[in-house]
Amino acid sequence: MNVDRAERGPSPRSSLTALAGRGFDAIPPTALVLLGIVSVQVGSALAKHLFDAVGSFGTVALRLFFAAAVLVLLWRPSPRMPRRTWTVILGYGVTLGLMNLCFYLALSRIPLGIAVTTEFLGPLAVALAGSRRWPDAVWAVLAAGGVVLLMEGGGDLDLLGLLFALAAGTCWGLYILVGAALGRHTSEGDGLALGMAVAALIAVPFGVADSGTALLQPWVLLAGLGVALLSSVIPYSLDLEALRKVPPHVFGILMSLEPAMAALIGLVVLEESLHWTQWIAVLCVVAASAGATRGARTGT
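Values in this document were obtained by computation on a predicted structure and should not be read as measured data. (Residues numbered from 1 in each chain as written. Predicted model: local features only at pLDDT ≥ 70, side-chain atom pairs only at ≥ 80, totals over all residues. Heavy atoms only, no water.)

Student: Requested: an account of the packing of helix H5 (residues 112–119) against helix H8 (residues 159–185), with residues and values cited.
Tutor: At their nearest, the axes of H5 and H8 sit 7 Å apart, and the two run at 45 degrees to each other. In this view, H5 runs oblique relative to H8, as classed from their interaxial angle. The handedness of the crossing between H5 and H8 is right-handed. Contacts between H5 and H8 involve Ile114, Ala115, Thr118 and Glu119 on the former and, on the latter, Leu162, Ala165, Leu166, Ala168, Gly169 and Trp172. (Axes fitted to C-alpha atoms, helices over the stretch in contact; angles between N-to-C directions. Helix = DSSP H or I, 4+ residues; strand = E, 2+ residues; numbered from the N terminus. Parallel < 35°, antiparallel > 145°, perpendicular 65-115°, else oblique. Left-handed = near helix turned anticlockwise from the far one by under 90°. Contact = heavy atoms within 4.5 Å.)

Here it is in structure tokens:
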């Protein structure tokens, strides 16, 4: 497939990618990661404003539909792939769809900062799984302490919302593992585009059943496109570019800032204030994630 494309000469997709690459070159990789984190959390805040109009299912359907449409148009992936590759793509798409459904259900019940902090336990568990280094036990205890503080400062914090966030975190952990396999079996953004399309096929029926024609309101469609760009297309593109320039452990440490950024965005954009113990809980999870990620580099 790639040979055929090369023989036809430069495609509009490759020209667009090259143009974007030149623009990214002017931005330091750490700034790319931080911009991606801000983008995805602002997108989540915007998504929360859509809940009153189309609910959580409708919002995630719009996000994944538009994200899939943009990525497929950008990468124009060919469906002619080996069966094993399609198995990985389907697993990636199903995991991505379920992760988004669970996260948006959590977001409709609990503050953004708490939802992201709880969800972040999934990738943290992946980082700690199978480790035999004693410092990683410290990071695990620190993360557990963060969870306790999160619950203690919750007051009337919605338990079902926390469970949805934990389910999203479980999916996020699986997403990391399946995403690594996707990178081995596909090239460029083809796998991401097809996986996003599978995720959209899972989420859209839920959104249509829950919201119906409310999804077709012009302002809702425009907001849904904005959520898709901010929460999926832009951060994924920034992350991919950053990973070309920085080691994975540096990328992971920077990504550990995401719960704190989510809490800050929730405070500024959504006016969701957290109890002081919950802020400490967020910082505990951030520190545990950064420590586990750094330890994974030095311990191997």
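Student: Could you give an account of unusual backbone geometry, with specific residues and numbers?
Tutor: With phi around 45 degrees, arginine 76 is a residue other than glycine that occupies positive phi space. Take arginine 76: it is sitting in the loop between helix H3 (29–75) and helix H4 (83–107). Phi at glutamate 271 takes a positive value of approximately 55 degrees, unusual for a residue other than glycine. Position of glutamate 271 among the secondary structure elements: in the loop between helix H12 (258–269) and helix H13 (276–298). Glutamate 271 gets classed as exposed once you look at its relative accessible area, which sits at 70%. (Buried < 20%, exposed > 50% of the residue type's maximum accessible area, 1.4 Å probe, protein only.)

Student: Which residues make up the state of the cysteines, and what values go with them?
Tutor: With the rule as written, the count across this model stands at zero disulfides. Among the cysteines around cysteine 171, which has no disulfide bond, cysteine 102 carries the closest sulfur, lying 5.0 Å off. The class for cysteine 171 is buried, based on a relative accessible area of 12%. (Disulfide = S-S within 2.5 Å.)

Student: Tell me about H8, and name the residues and values.
Tutor: Across its 27 residues, H8 extends 39 Å between first and last C-alpha, which sits within 8% of the 39 Å expected from 1.5 Å per residue. Of the residues making up H8, those classed as buried are Gly161, Leu162, Ala165, Ala168, Gly169, Cys171, Trp172, Gly173, Tyr175, Ala181 and Leu182. (Expected span 1.5 Å × (residues − 1).)

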